[in-house]
Amino acid sequence: MNPGLYRIAASGLLLAAMTSVQPALAIQAGQQVPEAAGIVLQGPAGIKLSALKGKVVVVDFWATWCGPCMESMPQIDAIRSRLLKQGYGDRFEVLSVSIDDDVDQARRFLKLHPVSYPVVIDPVGIATKNFSLWRLPATFLVRPSGEIEQIYYGFGDSFAGDIEERALALLRGRYAPSPVWAPAKR
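Residues numbered from 1 in each chain as written. Predicted model: local features only at pLDDT ≥ 70, side-chain atom pairs only at ≥ 80, totals over all residues. Heavy atoms only, no water.

A.B. asks: Run through the sheet that holds strand β5 (residues 92-98), naming residues and quoting values.
C.D. replies: Within the open sheet, the 6 strands sit side by side as β3-β6-β5-β4-β7-β8. Their pairing is mixed. The outermost strands of the open sheet, each flanked by one partner alone, are β3 (39-42) and β8 (148-153). Across this sheet, the average inter-strand angle for adjacent strands is 20°, counted without regard to direction. Bridge analysis of β3 against strand β6 (residues 119-121) gives 3 bridges, and the strand direction is antiparallel. Bridge pairing links Gln-42 to Val-119 in β6. (Pairing = 2+ DSSP bridges. Helix = DSSP H or I, 4+ residues; strand = E, 2+ residues; numbered from the N terminus. Axes fitted to C-alpha atoms, helices over the stretch in contact; angles between N-to-C directions.)

In structure tokens form, the structure reads like this:
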């Protein structure tokens, strides 16, 4: 299999070569965000992305086998905590989407790596396909209008700071879209 491509397996979409090569048909900033939903692991019953329209939303895709995901999730949780403490709780939320196909394994992972935000699992891979995922973690910052403001593939030193800065700008009514963010190669 060529780097950067993904393959479809019986259990859903498996990300094959996690590289910095972006597929030609990938979702882009400025587009309307597709639905992200699944089996609720934590959070309100029936939580899904469309239920959060009107809020600034961080949609974070992860998997139990993804090391960088384990690093990014606590930072996203800290961003959420800070923004809620600043009074943005009615206008900001995080929706986390596991792409694992084993619900019990994802639940065990969350017990070992707890977060405070809503988490769903998409074992069939519908959201994975709709978002054209090609690398993990994949994090999407969504405007209250439902348009994608920024896309983050991978994890790096400036990841959390950039998400928080852009989320605050959106919450304060300032829009400054830019291209896809990916960590610098070391």
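A.B. asks: Please set out the state of the cysteines residue by residue, giving values where relevant.
C.D. replies: The full count for this structure, using the stated rule, is 1 disulfide. Paired through a disulfide, Cys-66 and Cys-69 show a sulfur-sulfur distance of 2.3 Å. Between Cys-66 and Cys-69 the disulfide shows an S-S torsion of about 80°. By sign, it is right-handed. Each member of the pair, Cys-66 as well as Cys-69, is classed as buried. (Disulfide = S-S within 2.5 Å. Buried < 20%, exposed > 50% of the residue type's maximum accessible area, 1.4 Å probe, protein only.)

A.B. asks: Can you explain the confidence of the model for the chain? Please cite residues and give values.
C.D. replies: Parts of the model with low pLDDT should not have their predicted coordinates read in detail. Confidence along the chain averages 84 in pLDDT terms, with 80% of residues attaining 70 or more. Across residues 1-22, confidence stays below pLDDT 50; counting only partners more than four residues off in sequence or on other chains, it has 49 contacts. Contacts of residues 177-182 to residues separated by more than four positions or lying in other chains number 22 contacts, the stretch itself having pLDDT below 50. (pLDDT = per-residue confidence, 0-100. Contact = heavy atoms within 4.5 Å.)

A.B. asks: Describe the side chain of Asp-60, listing the residues and the values that go with them.
C.D. replies: Summarising the element assignment, Asp-60 is placed in strand β4 (residues 56-62). In this structure Asp-60 is buried but unpaired, with Arg-80 as the nearest side chain of opposite charge at 12 Å. Only 2.7 Å separates the side chain of Asp-60 from the side chain of Thr-139, close enough to count as a polar contact. (Lys, Arg positive; Asp, Glu negative; His and termini not counted. Salt bridge = Lys/Arg side-chain N within 4 Å of Asp/Glu carboxyl O. Polar contact = N/O pair within 3.5 Å; in protein donor to acceptor, adjacent residues only side chain to side chain.)

A.B. asks: I'd love a proper account of unusual backbone geometry, names of residues and values included.
C.D. replies: Following Leu-136, the chain continues into Pro-137 via a peptide bond in cis, with omega recorded as -10°. Look at Ser-132: it is not a glycine, yet its phi comes out positive at around 50°. Mapped onto the elements, Ser-132 comes out in the loop between α3 (126-130) and β7 (138-142).

A.B. asks: Requested: an account of the environment of Gln-105, with residues and values cited.
C.D. replies: Positionally, Gln-105 belongs in helix α2 (residues 103-112). Overall, Gln-105 belongs to the partly exposed group, its relative accessible area being 33%. Separated by 41 residues in the primary sequence, Gln-105 and Thr-64 have C-alpha atoms spaced 7.6 Å apart.

A.B. asks: Can you tell me about the pattern of salt bridges, naming the residues and giving the values?
C.D. replies: In total, this model carries 7 salt bridges according to the counting rule given. Among the salt bridges present, the one from Arg-143 reaches Glu-147, with a minimum N-O distance of 2.7 Å. Assessed through its relative accessible area of 11%, Arg-143 is described here as buried. Glu-147 gets classed as partly exposed once you look at its relative accessible area, which sits at 26%. In this structure, Asp-162 engages Arg-166 in a salt bridge whose closest nitrogen and oxygen atoms are separated by 3.0 Å. In this pair, Asp-162 and Arg-166 both sit in helix α4 (residues 159-171), 4 residues apart, roughly one turn of the helix. Arg-166 matches Asp-162 in its accessibility class, with the two residues each being buried. By sharing partners, the salt bridges in this structure join Arg-143, Glu-147, Glu-149, Asp-162 and Arg-166 into a single network.

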